[in-house]
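What follows is the residue order along each chain.
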Amino acid sequence: MISEATQARFAREVAKFPAEQKQSAVMPILSIVQQEQGWVSPESEQLVADYLGMPVMAVHEVTTFYNMYNQKPVGKFKLNVCTNLPCQLRGGLKALQHLESKLGVHAGETTADGLFTLQPSECQGACADAPVMLVNDRHMCSFMSHDKLDQLIDSLRAAKA
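Presented here is an overview of the structure given in this document. (Residues numbered from 1 in each chain as written. Predicted model: local features only at pLDDT ≥ 70, side-chain atom pairs only at ≥ 80, totals over all residues. Heavy atoms only, no water.)

## Looking at the pairing of strand β1 (residues 77-82)
In the case of a regular strand, side chains alternate between the two sheet surfaces. Across the 6 residues that make up β1, a large majority, 6, are buried. Burial of β1 is two-sided: the residues F77, L79 and V81 facing one way and the residues K78, N80 and C82 facing the other way are all buried. The sheet contact formed by β1 and strand β2 (residues 116-121) spans 6 bridges and is parallel. Opposite N80, over in β2, you have Q119 as the bridge partner. Examined bridge by bridge, β1 and strand β3 (residues 133-135) share 3 bridges and lie antiparallel to one another. For L79, the partnering residue across the bridge sits in β3 and is V135. (Buried < 20%, exposed > 50% of the residue type's maximum accessible area, 1.4 Å probe, protein only. Helix = DSSP H or I, 4+ residues; strand = E, 2+ residues; numbered from the N terminus. Pairing = 2+ DSSP bridges.)

Following this line, the structure appears as structure tokens:
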């Protein structure tokens, strides 16, 4: 079930499109679901599909195509490290491996304290700033040397405390 406040947010997004194209609101509505629940569950996909009058598979295709939608619960801080070729040539894979070692998890896993989820990601459109990463799909971090990665992790841990 969704709250009245959430339904109002959904309605504001749908209103941005012609009535016959309300399915175009699927991405912002999935973002709202994720903001409120932390991830997009299969039940949430069904709810969105019902709300927009579209097949649940069509919603699932959107959820699985874009890496910004979490398909399982993630940590408080989701770290997406770009591992596309330009970033790899400039240390992206080494940055990911450094974070795996520092956090004690493999890519795709969440730390035992639930604080960090580490993920490889596709191109983030900042090849000249490589290696790059996104924190919580919002904050771009560039030129991520091992020292900068350590500082970032330490500052996020401190922010949590």
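## Here we look at the layout of surface pockets
Size it by volume and the largest pocket reaches roughly 420 Å³. Within the residue set of the lining of the largest pocket, elements represented by two or more residues are α2 (26-37) and β1. Take the lining of the largest pocket: its biggest share by element is 3 residues, from α2. Within the lining of the largest pocket, the residues separate by chemical class into 6 nonpolar, 11 polar and 5 charged. In terms of lining, the second largest pocket is formed by 13 residues, of which the most central are N67, Y69, N70, Q71 and Q119. Taken together, the residues that form the lining of the second largest pocket break down as 5 nonpolar, 7 polar and 1 charged. (1 Å grid on protein atoms, 1.4 Å probe; cavity = no way out; pocket = protein on both sides within 12 Å on 5 of 7 lines; lining within 4 Å. Points joined across faces, edges and corners; volume = space filled by probe spheres on them. Nonpolar A, V, L, I, M, F, W, Y, C, P; charged D, E, K, R; others polar.)

## Overview of helix α4 (residues 56-65)
Think of an α-helix as turning once every 3.6 residues; residues three or four places apart then point the same way. The complete set of buried residues in α4 reads V59, V62 and T63. Looking down the long axis of α4, one finds its buried residues gathered within 100° of arc, a one-sided arrangement. If you follow the buried residues of α4, they end up packed against α2 and α3 (42-52). (Arc of directions from axis to C-beta. Contact = heavy atoms within 4.5 Å.)

## Notes on the sheet that holds β1
Pairing is mixed in the open sheet, where 4 strands are placed in the order β2-β1-β3-β4. With one partner strand each, in any of the chains shown, β2 and β4 (139-141) form the two edges of the open sheet. Within the sheet, the average angular offset between the axes of one strand and its neighbour, ignoring direction, is 25°. Together, β1, β2, β3 and β4 form the strand contacts of helix α7 (residues 146-160), whose direction differs from that of β3 by roughly 5°. (Axes fitted to C-alpha atoms, helices over the stretch in contact; angles between N-to-C directions.)

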